[in-house]
Amino acid sequence: MKLAHEYLLKKNLAKPNLADFKHQLYDIWFQLYARKGGDRPDSCGFEHVFVGETRRGKQILGLHNWVQFYLQEKRNQIDYKGYVTRKNKMRPDKDDQVLSIQFSWKGSVKPIGSTFIGVSPEFEFALYTIIFLLSEERVTRETVKIEEYELQIVVSRHGHHIGTAYPVLLNTSSED
């Protein structure tokens, strides 16, 4: 987050005072708002991306963080249904950093969700914050290359707040 703050300062997108920057992050990630079809503030970007939420107990929203997925699976709260592999792969391996997965949670099935694997929540928080602040589009799809992965980082706004954020694996240059 220190590197993200320095980068955003150079772009004039962050407050120089650390307390002000933390307040800016709070507004972006933790300020409650009403999701589609809702009439009261009951959701926030952090909950959606890093914790997961449900709509009327029938649809899984968010839950794009591997740490939360791991913790929920460890408690037998998530039923992992499968994955989408990258080209030339029969199954994920220790080198995979992004997965598209299917799972059930709280009685509902998420047909497909994608997540980084093995990265720190701080990395994701910083990456999504930077992309959010660099664009004023309702949905930003930023294509990046990280090692052999070509990814699209999707960040959706809900007014002045993050609505959702997640990686999408586009391609890989690995021939393994």
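Residues numbered from 1 in each chain as written. Predicted model: local features only at pLDDT ≥ 70, side-chain atom pairs only at ≥ 80, totals over all residues. Heavy atoms only, no water.

Enquirer: Explanation requested: the overall build of the protein chain in the structure shown.
Expert: Looking only at helices and strands, one finds five helices and eight strands in the protein chain. Tracing the protein chain from N to C terminus, the helices and strands come up as α-α-α-β-β-α-β-β-β-α-β-β-β. Evaluated residue by residue, the protein chain yields a buried proportion of 43% over its 176 residues. A separation of at least 24 residues holds for 44% of the contacts in the protein chain among residues at least 6 apart in sequence. Roughly 10400 Å² of accessible area belongs to the protein chain as shown, and the carbon and sulfur atoms make up 52% of that amount. (Helix = DSSP H or I, 4+ residues; strand = E, 2+ residues; numbered from the N terminus. Buried < 20%, exposed > 50% of the residue type's maximum accessible area, 1.4 Å probe, protein only. Contact = heavy atoms within 4.5 Å. Areas by Shrake-Rupley, 256 points an atom, 1.4 Å probe, with all protein chains shown as cover.)

Enquirer: Please clarify how the packing of helix H2 (residues 18-29) against helix H5 (residues 121-134) should be interpreted in this entry.
Expert: A packed helix pair is summarised by two numbers, namely the angle formed by the two axes and the spacing between the axes. It is the contact of H2 with H5, at a shortest axis distance of 12 Å, that shows an interaxial angle of 85°. Relative to H5, H2 is oriented roughly perpendicular. Contacts from Gln24, Leu25, Ile28 and Trp29 of H2 reach H5 at Phe125, Tyr128, Thr129, Phe132 and Leu133. Each residue belonging to the contact of H2 with H5 can be placed in one class, and the counts come to seven nonpolar, two polar and no charged. (Axes fitted to C-alpha atoms, helices over the stretch in contact; angles between N-to-C directions. Parallel < 35°, antiparallel > 145°, perpendicular 65-115°, else oblique. Nonpolar A, V, L, I, M, F, W, Y, C, P; charged D, E, K, R; others polar.)

Enquirer: So what exactly am I meant to see when it comes to the pattern of salt bridges here?
Expert: Opposite charge on two side chains lets them pair, provided their charged atoms get close. Tallied over the entire structure, the rule returns two salt bridges. Between Glu53 and Arg35 there is a salt bridge, and its shortest N-O distance comes to 2.8 Å. Taken together, the positions of Glu53 in strand E1 (residues 53-55) and Arg35 in the loop between H2 and helix H3 (45-51) put the pair 18 residues apart, joining distant regions of the chain. With respect to class, Glu53 is no different from Arg35; both count as buried. Lys81 serves as the salt-bridge partner of Asp79, at 2.9 Å between the closest nitrogen and oxygen. Assessed through its relative accessible area of 43%, Lys81 is described here as partly exposed. (Salt bridge = Lys/Arg side-chain N within 4 Å of Asp/Glu carboxyl O.)

Enquirer: Help me understand the layout of surface pockets, please; the structure alone is not making it clear to me.
Expert: Empty space within the largest pocket amounts to approximately 490 Å³. Considering the residues around the largest pocket, the lining is formed by 25 residues, among which Arg35, His48, Ser156, Thr164 and Tyr166 are closest to the centre. At the level of secondary structure, the elements contributing two or more residues to the lining of the largest pocket comprise strand E2 (59-61), strand E5 (108-116), strand E6 (139-146), strand E7 (149-158) and strand E8 (161-172). By residue class, the composition of the lining of the largest pocket is seven nonpolar, 11 polar and seven charged. (1 Å grid on protein atoms, 1.4 Å probe; cavity = no way out; pocket = protein on both sides within 12 Å on 5 of 7 lines; lining within 4 Å. Points joined across faces, edges and corners; volume = space filled by probe spheres on them.)

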